[in-house]
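Coordinate inspection notes
Each chain is listed here by its residues.
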Amino acid sequence: MAMRELDALRSTTGEGEAADWQIEPLIDHIVSHHHTYVRNALPSIGSALATLETVHGRRHPELAQVRWHVEQLRLDLFHHLLKEEHLLFPYLRDLARYSADPGVVSNSPFGTVENPIRMLEREHRHAAEALRAIRQLTRDYRTPPDGCASYRACMAELAEFECDLHRHLHLEDRVLFPKALELERIAWQE
Ligand SMILES: [Fe+2]
Ligand SMILES: [Fe+2]
């Protein structure tokens, strides 16, 4: 996604100042807003696609491929969110509290925080590729002339999902992870 698009997204979502947020409110926001959204949206889109496929599948065989990508995303992302919530984020919360209480940072289960970050970034790229495939298959979420209102609603949900996931990945890749690396550097230096 181009930087200009990201700037536009940030300014319309109130996340424009996210770079200035402390790490804990940032994690709270990511989990309560973006993780909850992914958990709700993917099953809902998956079942809408299954219904569409029964009605329009013969004339629009690409719906089956879209549903496959959405199902893969659901499996991959649900796992990914758990890794962030149970592995990385608790360690980052400890790092954030380090200056007040150095005792809270014990040895991490993964060595340096660079290791899980590298893995999570790879998974982000994978998710972004799936989004590109879905956008291509649906021709930019277009409803075909023979599509019904449910078709249109499903395409709108997919487009919204793409937008939210890009914001989510951007917050982690460009804001949260750099902050985490910096906090660890400071904690390990002392
Ligand atoms: Fe996340
Ligand atoms: Fe993530």
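Above: the structure in question.
Conventions and cut-offs
- Residue positions within a chain follow its written sequence, with the count starting from 1.
- Written order determines the labels here, with chains lettered from A and ligands numbered from 1.
- A pLDDT threshold of at least 70 governs which residues receive local features in this predicted model, and a stricter bar of 80 or more applies before side-chain atom pairs are shown or counted, although totals over entire chains, interfaces and linings include all residues.
- Hydrogens and water molecules were not included; the side-chain quantities draw on all heavy atoms of the structure.
- Atoms of type N, O and S within 2.8 Å of a metal are treated as its donors, and for Na, K and Ca the window is 3.2 Å; water is not considered, so some sites may appear to be missing partners.
- Only four donors with every angle between 85 and 135 degrees are called tetrahedral; only four or six donors with opposite donors over 155 degrees apart and all others between 65 and 115 are called square planar or octahedral, in that order; all others are irregular.
- Strands are runs of DSSP state E lasting at least 2 residues, helices are runs of H or I lasting at least 4, and numbering of each runs from the N terminus.
- Only protein chains enter the area calculation, which uses a 1.4 Å probe; residues under 20% of their type maximum are buried, those over 50% are exposed, and those in between are partly exposed.
- Only centres within 6.5 Å qualify two rings of Phe, Tyr or Trp (six-membered ring in Trp) as a pair; their planes then separate them into stacked at under 30 degrees, edge-to-face at over 60, and tilted for everything else.
- Counted as over-ring charges are cases with an Arg CZ or a Lys NZ within 6 Å of the ring centre that also lie within 35 degrees of the ring normal.
- We call two N or O atoms a polar contact when they sit within 3.5 Å, provided that within protein one can donate a hydrogen and the other can accept it, with sequence-adjacent residues counted only if both atoms are side-chain atoms.
- The contact definition used throughout considers only heavy atoms, calling two residues in contact when any of these lie within 4.5 Å.
- For the purposes of this section, nonpolar cores are sets of buried Ala, Val, Leu, Ile, Met, Phe, Trp, Tyr and Cys residues that join through side-chain atoms within 4.5 Å.

What about the coordination of the iron ion (ligand 1)?
At 2.0 to 2.2 Å from the iron ion (ligand 1) lie its protein donor atoms, namely His35 (NE2), Glu84 (OE), His168 (NE2) and Glu172 (OE). One can describe the site at the iron ion (ligand 1) as irregular: its four donor atoms subtend angles covering 87 to 165° at the metal. A distance of 3.2 Å spans the gap from the iron ion (ligand 1) to the iron ion (ligand 2), which Glu84 bridges by coordinating each metal. One end of the pair, His35, is in helix α2 (residues 23-56); the other, Glu84, is in helix α3 (residues 62-97), with 49 residues separating them in the sequence. On the basis of relative accessible area, His35 is assigned to the buried category, the value being 0%. Relative accessible area serves as the criterion here: at 0%, Glu84 is assigned to the buried category.

Looking at the packing of aromatic side chains
Note on aromatic pairs: each is described by the distance of the centres and the angle between the planes. Tallied over the full model, the rule gives two aromatic pairs. A ring pair is formed by Tyr37 and Phe161, whose centres lie 6.1 Å apart and whose planes are at 25°; its orientation type is stacked. Here Phe161 lies in helix α5 (residues 149-189) and Tyr37 lies in helix α2, a separation of 124 residues in the sequence. The buried category is assigned to Tyr37, whose relative accessible area is 19%. Across from the ring centre of Phe78, 5.7 Å away, lies the NZ or CZ of Arg74, which sits over that ring.

A look at the coordination of the iron ion (ligand 2)
With distances of 2.0 to 2.2 Å, the protein atoms coordinating the iron ion (ligand 2) are His80 (NE2), Glu84 (OE), His124 (NE2) and Glu172 (OE). Taken together, the four donor atoms coordinating the iron ion (ligand 2) and their angles of 86 to 174° define a geometry best described as irregular. Binding-site remark: the iron ion (ligand 2) is held by donors from one chain whose sequence spacing is H-x3-E-x39-H-x47-E.

Some thoughts on the side chain of Glu162
Along the chain, the position of Glu162 falls in helix α5. Among the polar contacts made by the side chain of Glu162, one reaches the side chain of Arg135 at a distance of 3.0 Å. Here Glu162 is in contact with Leu131, Arg135 and Tyr141, once residues within four sequence places are set aside.

A word on the nonpolar core
Val70, Leu73, Leu77, Leu158, Phe161 and Leu165 are the most contacted members of the largest nonpolar core, which totals 25 residues. Breaking this core down by element, the ones donating at least two residues are α2, α3, α4 (114-137) and α5. With residues near it in sequence (within four places) discarded, Phe161 still touches Tyr37, Val38, Ala41, Leu42, Ile45, Leu73, Leu77 and Leu131. In this structure, Leu26, Ile30, Phe110 and Val175 belong to the second largest nonpolar core, which totals 21 residues.

Examining the side chain of His80
Take His80: it is sitting in helix α3. Look at His80 and you get buried, because its relative accessible area is 2%. The residues contacting His80, other than those within four sequence positions of it, are Leu120, Glu123, His124 and Glu172.

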